[in-house]
Amino acid sequence: MIEGITFITVEGVVEYLLPCSFQKLKDVESIIKIVDIDGRDQVRDFAEDMERMLGSKMKSVKRLAESAEDADLYHDFNKTLEFDYYNSMLVNTADEDGNFIELGGEFPLEKNKHFNNLPVNTLQSDVQVPTNVYNKDAYILNGIYWSEALNDVFMNNFQKDPTLTWQYFGSSSGFFRIYPGIKWTPDSNGVAAFDCRNRNWYIQAATSPKDIIIVVDISGSMKGLKMTIAKHTINTILDTLGENDFVNVIAYTDYVRYVEPCFKGTLVQADLDNREHFKVLVDELHVKGEGKVAKAMKESFKILNEAATKGQGSLCNQAIMLITDGAMEDFKDVFEEFNWPDRRVRLFTYLIGREMTFADNTKWIACNNKGYYTHISTLADVQENVMEYLHVLSRPMVINHNHDIIWTEAYMDTVLFATKAQSLLLMTTVAMPVFSKKKETLSHGILLGVVGSDIPLLEVMKLAPRYSSTQRCTRSSVSWQFLAWTSLMSFRRKCFVSGHFKHVIEPTNADAPDTQLV
């Protein structure tokens, strides 16, 4: 530091806090002020502000979780329950006579700048139910009924912290209660494909990290609809995985075939790129030959055991997903060699097709390896049956009541937003599991769902200190908001130096914040 002038170094380049053009001090002395800034104080203040802000979001989510558990505790299940609720797909929808249709009553909506100018109802939440879930099922109705208690908590949270955005409860039965209430727009086919249980925030909160080997039968008996159902089952399992999970996919006939030979004998991170890559390869599978599952089972156990021994993979749950139209034997010798007596690897079996000839063996395999057996006879059965494995893997958490709060990595959400510009807003989600506290279910470990709230990263950026002159230029310091962005998101942006002190920042796509040099 030279006396009277503060220098700031950004990525090794020294910058002056000066106006846009180099002028004599006497010419600008009346309009500028040069001060010394302690960088350590700035970082500490920024960290404390961020801690307070994020802590406030976590408290809001905790209040939601506690209220949801209490509401379920004091609710007695009623299999004949009937009541109307606001279905977000149907609200404000009238029939030919001008009368509101069932579950589609009048629901006032008003555009709100805080919610990206979307029409919302800040006095009421409403409920989205996926098209493949019956919206008047007894379990759905009972869950929606007791979760009405969350309305007051949603509003109180918003009053205590006006920076809150979307708050919600995703039920393990499939419905999604969101505040503020909105009108849900279906896709071009009129379908509400969104299922909260497939969202990364739900999966991370509901289960611990896991290693998954998907084993699929591609023998001749799997031809036609069976193979179509099997492929859809694999894709649905892949959709339940997140970046904390590891996976591989093995197909078998009379020999073992890795769908991606490059991944032979190992586990790969279940990030979006790898999941989509697996889906493409699975779609190319064709049936042939005779199915011999023992080789594939041994190969799967070897991969998982090696990962555990070497400290690779998730270092947590491990499971094999067996997708077949039947097991001719129970493979007891394989389990004795690789998995018993500890049963460290869970085995989930999916019996494909209408035939039940070998159902007993398929069920025995799952039940004797701490897994779950399910029968999938149609494409419509896939979603609900695949979800069962998440309940099994969540049981240890539920029984121990591990209310771990999770934060997702940053992502762009295209579900709620009507325009591309809105959907390009980066956000993170804070979420927390909700458990049943009823005495009769404590030993079973019942997951009721997950509560969460979205935090746009621009809200975090607003906390970053910012110092600027009255004029913009490129010969001054990079804003604190940009520095905070690069730190928080681990995104690297190159600064090209041209001449003395001049920086050009070029974000590579629309996921960058509104960055300016000051």
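Residues numbered from 1 in each chain as written. Predicted model: local features only at pLDDT ≥ 70, side-chain atom pairs only at ≥ 80, totals over all residues. Heavy atoms only, no water.

Trainee: Lay out the overall build of the protein chain with the relevant residues and their values.
Mentor: Regarding its fold elements, the protein chain presents 14 helices and 20 strands. The proportion of buried residues among the 518 residues of the protein chain is 49%. Considering only contacts within the protein chain whose residues lie at least 6 apart along the sequence, 72% involve residues at least 24 apart. For the protein chain, the accessible surface area stands at approximately 25600 Å², while carbon and sulfur atoms represent 50% of it. (Helix = DSSP H or I, 4+ residues; strand = E, 2+ residues; numbered from the N terminus. Buried < 20%, exposed > 50% of the residue type's maximum accessible area, 1.4 Å probe, protein only. Contact = heavy atoms within 4.5 Å. Areas by Shrake-Rupley, 256 points an atom, 1.4 Å probe, with all protein chains shown as cover.)

Trainee: Give me a negative patch on the surface: which residues, what numbers.
Mentor: Judged by side-chain charge, Glu329, Asp333, Glu336 and Glu337 come together as a negatively charged surface patch. Turning to its location among the elements, Glu337 is positioned in helix H9 (residues 332–338). The class for Glu337 is exposed, based on a relative accessible area of 54%. (Patch = residues over 30% accessible without salt bridge, like charges linked within 9 Å, V, L, I, M, F, W, Y side chains within 5 Å. Salt bridge = Lys/Arg side-chain N within 4 Å of Asp/Glu carboxyl O. Lys, Arg positive; Asp, Glu negative; His and termini not counted. Charge placed at Lys NZ, Arg CZ, Asp CG, Glu CD.)

Trainee: So what about helix H4 (residues 150–160)? Which residues, and what values?
Mentor: Inspection of H4 places Leu150, Asn151, Val153, Phe154, Met155, Asn157 and Phe158 among the buried residues, and these make up the whole buried set. Considering only its buried residues, H4 is in contact with helix H2 (39–73), helix H3 (138–147), strand E6 (167–171) and strand E7 (176–179).

Trainee: Can you explain the packing of aromatic side chains? Please cite residues and give values.
Mentor: Within the structure shown, the criterion is met by 23 aromatic pairs. Ring geometry for Tyr168 and Trp201: centres 4.8 Å apart, planes at 45 degrees, overall tilted. One end of the pair, Tyr168, is in strand E6; the other, Trp201, is in helix H5 (residues 200–206), with 33 residues separating them in the sequence. Each ring, one from Phe263 and one from Phe278, has its centre 5.7 Å from the other, and the planes form 65 degrees; the classification is edge-to-face. Highlighted residues: Phe263 in the loop between strand E10 (256–258) and strand E11 (268–269) and Phe278 in helix H7 (residues 272–283), separated in sequence by 15 residues. The pair formed by Phe263 and Phe278 is uniform in burial state, with each residue classed as buried. Members of the aromatic cluster, joined through ring pairs, are Tyr168, Phe176, Trp184, Phe194, Trp201 and Tyr202. (Phe/Tyr/Trp six-rings, centres within 6.5 Å; stacked < 30°, edge-to-face > 60°.)

Trainee: Account for the pairing of strand E9 (residues 246–252), naming residues and giving values.
Mentor: Most of E9 is tucked away: 6 of the 7 residues are buried. Bridge count between strand E8 (residues 210–217) and E9: 7 bridges; the pairing is parallel. Bridge pairing in E9 links Ile214 to Val249. Traced from E8 through helix H6 (residues 225–239) to E9, the parallel crossover comes out right-handed. Bridge count for E9 against E11 is 2 bridges, and the pairing is antiparallel. Across the sheet, the residue bridging to Val247 is Val268, located in E11. Where E9 and E10 come together, 3 bridges link them in antiparallel fashion. Its bridge partner being in E10, Ala251 is matched across the sheet by Arg257. Connecting E9 to the next strand, E10, in antiparallel fashion are 3 residues. (Pairing = 2+ DSSP bridges. Right-handed = clockwise from strand over helix to strand, strands pointing away.)

Trainee: Summarise the pairing of strand E14 (residues 373–376); cite the residues concerned and give the values.
Mentor: Of the pairings in the sheet, the one linking strand E13 (residues 346–352) to E14 comprises 4 bridges and is parallel in character. Across the sheet, residue Leu351 finds its bridge partner in E14, namely His375. Taken together, E13, helix H10 (residues 359–367) and E14 form a β-α-β motif whose crossover is right-handed.

Trainee: Describe the side chain of Arg177, naming the residues involved and giving the relevant values.
Mentor: On the secondary structure map, Arg177 appears in strand E7. Side-chain polar atoms of Arg177 contact the side chain of Ser147, separated by 2.9 Å. In this structure the side chain of Arg177 is engaged in a polar contact, spanning 3.1 Å, whose partner is the side chain of Glu148. When residues no more than four places from it in sequence are discounted, the contact partners of Arg177 are Ser125, Asp126, Val127, Ile144, Ser147, Glu148, Asn151, Phe154, Gln167, Tyr168 and Phe169. (Polar contact = N/O pair within 3.5 Å; in protein donor to acceptor, adjacent residues only side chain to side chain.)

Trainee: Quick one: what's the story with the nonpolar core, residue by residue and with numbers?
Mentor: Counting residues in hydrophobic clusters, the biggest one holds 62 residues, and the most contacted among them are Tyr85, Trp166, Phe176, Trp201 and Val451. Considering every element that reaches this core, the biggest residue donor is H2, with 8 residues. Look past the residues within four positions of Trp201 in its chain and what remains in contact with it is Tyr168, Gly170, Phe176, Cys196, Ile406, Thr408, Tyr411, Thr429, Ala431 and Val450. By size, the runner-up hydrophobic cluster in this structure holds 37 residues, among which are Ile218, Ala270, Val282 and Ile323. (Core = buried A, V, L, I, M, F, W, Y, C linked by side-chain atoms within 4.5 Å.)

Trainee: I'd love a proper account of the pattern of salt bridges, names of residues and values included.
Mentor: By the definition in use, this model includes 15 salt bridges. The shortest N-O distance in the salt bridge between Lys57 and Asp161 comes to 2.9 Å. Of this pair, Lys57 sits in helix H2 while Asp161 is found in the loop between H4 and E6, placing the two residues 104 residues apart along the sequence. One exposure class covers both Lys57 and Asp161, and it is buried. Two residues, Asp325 and Lys226, come together in a salt bridge whose shortest N-O distance is 3.3 Å. Of this pair, Asp325 sits in the loop between strand E12 (317–324) and H9 while Lys226 sits in helix H6, and the two are 99 residues apart along the sequence. Linked through salt bridges whose partners overlap, the residues forming this network are Asp195, Arg197 and Glu384.

Trainee: Give a description of the environment of Arg395 that names residues and reports values.
Mentor: In this structure, Arg395 sits in helix H11 (residues 382–400). Judged by its relative accessible area of 33%, Arg395 is partly exposed. Separated by 40 residues in sequence, Arg395 and Phe435 place their C-alpha atoms 9.8 Å apart. Look past the residues within four positions of Arg395 in its chain and what remains in contact with it is His444 and Gly445.

Trainee: Which residues make up H11, and what values do they have?
Mentor: Maximum bend of H11: about 45 degrees, positioned at Ser394, with proline Pro396 one to four residues after it. Within the span of H11, buried status applies to Val382, Gln383, Asn385, Val386, Met387, Tyr389, Leu390, Val392, Leu393, Ser394, Met397 and Val398. Positive phi appears at His401, one or two residues downstream of H11, with a value of about 50 degrees. (Bend = angle between axes of the 7 residues up to and from the residue.)

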